[in-house]
Amino acid sequence: MLVGASLFAVSALLCIVGYLFVSVPGNWFGSSPTLRWTAAELAVTQGSGQASAEGLRVKGSAESLGTHTTASVVKSVFLVIVLDGLFAMFFASIGK
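Note that this is a predicted model, so its numbers are computed, not measured.

> Is there a simple way to explain the overall build of the protein chain in this structure?
Of the regular secondary structure elements, the protein chain holds four helices and zero strands. Put simply, the protein chain has 96 residues, and 4% of those count as buried. Surface accessibility of the protein chain: about 8,600 Å² in total, with carbon and sulfur atoms responsible for 72%.

> How do you make sense of the packing of aromatic side chains when you look at a structure like this?
Aromatic ring pairs: the centre-centre distance and the angle between the two ring planes describe each pair. Using the criterion set out here, one finds two aromatic pairs in the structure. For the ring pair phenylalanine 87 and phenylalanine 91, a centre distance of 6.4 Å and an interplane angle of 20° mean the geometry is stacked. Of the two residues, phenylalanine 87 and phenylalanine 91 are both situated in helix 4 (residues 62-94); the distance of four residues between them amounts to about one turn of the helix. You can call phenylalanine 91 partly exposed: its relative accessible area is 39%. With a centroid separation of 5.2 Å and an interplanar angle of 65°, the aromatic rings of phenylalanine 90 and phenylalanine 91 are classed as edge-to-face. Judged by relative accessible area, phenylalanine 90 falls into the partly exposed class, the value being 44%. Site record: aromatic cluster; members linked through ring pairs are Phe87, Phe90 and Phe91.

> I would appreciate a short explanation of a nonpolar patch on the surface in the present structure.
A surface patch of nonpolar side chains, amounting to about 990 Å² of accessible area, comprises Phe78, Leu79, Val82, Leu83, Leu86, Phe87, Met89, Phe90, Phe91 and Ile94. Counting through the fold element by element, leucine 79 comes out in helix 4.

> Looking at this model, I keep getting lost on the confidence of the model for the protein chain. Mind explaining?
As a note on interpretation, predicted positions should not be read in detail where pLDDT is low. Here the protein chain shows a mean pLDDT of 77. Residues at 70 or above account for 72%. Per-element confidence in the protein chain ranges from a low mean pLDDT of 65 for helix 3 (residues 53-57) to a high of 87 for helix 4.

> Looking at this structure, I do not really get helix 4. What am I missing?
Count 3.6 residues to each turn of an α-helix, and residues three or four apart come out pointing the same way. Its 33 residues place the ends of helix 4 48 Å apart at the C-alpha level, agreeing with the 48 Å of an ideal helix rising 1.5 Å per residue. At the exit of helix 4 stands glycine 95, carrying a positive phi of roughly 85°.

> Please clarify how the side chain of serine 64 should be interpreted in this entry.
If you trace the backbone, serine 64 turns up in helix 4. Classification of serine 64 as buried rests on a relative accessible area of 12%. The residues contacting serine 64, other than those within four sequence positions of it, are Arg57, Val58 and Lys59.

Cut-offs and rules
- Think of each chain on its own: its residues are numbered from 1, step by step along the sequence as written.
- Only residues with pLDDT of 70 or above have their local features reported here, since the model is predicted, and side-chain atom pairs are shown and tallied only from 80 upward, although totals for entire chains, interfaces and linings are computed over all residues.
- The side-chain numbers reported here are obtained from all heavy atoms of the structure, hydrogens and water having been left aside.
- Under the scheme used here, helices are H or I runs from DSSP no shorter than 4 residues and strands are E runs no shorter than 2 residues, and both carry numbers assigned from the N terminus.
- Partly exposed describes any residue whose relative accessible area lies between the buried limit of under 20% and the exposed limit of over 50%, with all areas from a 1.4 Å probe on protein chains only and scaled to the type maximum.
- Residue burial considers only the protein chains on display, and all accessible areas are found by Shrake-Rupley using a 1.4 Å probe.
- Pairing of aromatic side chains requires ring centres within 6.5 Å, counting the rings of Phe and Tyr and the six-membered ring of Trp. Pairs whose planes differ by under 30 degrees are stacked, by over 60 edge-to-face, and all others tilted.
- Only residues whose relative accessible area exceeds 30% and that form no salt bridge are eligible for patches; like-charged ones are grouped when within 9 Å, while nonpolar side chains (Val, Leu, Ile, Met, Phe, Trp, Tyr) are grouped when within 5 Å.
- The salt bridge criterion pairs a side-chain nitrogen of Lys or Arg with a carboxyl oxygen of Asp or Glu, the two atoms within 4 Å.
- pLDDT expresses how confident the predictor is about each individual residue, on a scale running from 0 to 100.
- Each helix should span, by expectation, one fewer than its residue count multiplied by 1.5 Å.
- Should any heavy atoms of two residues lie within 4.5 Å, those residues are counted as being in contact.

This is the structure we're talking about:
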């Protein structure tokens, strides 16, 4: 129990420090320059978002994108829940 609480505390502390690092303006590391990118530099290359089967089915409309994105998220969450259940049954069977 102590190990779990310690791991949670360290994780929470890292999240808070990371959030403050990103959100609080200022010069955090002395002489490090402020990095800025243009929209063209941040653009995703065409086709790189089509990694899943749902991504390959998207047509040219926003409705199609929303429908397939939702389907992909639902399938992913379902898979995570199923895998969590399988791991729970496995660890319960070995007594951990």
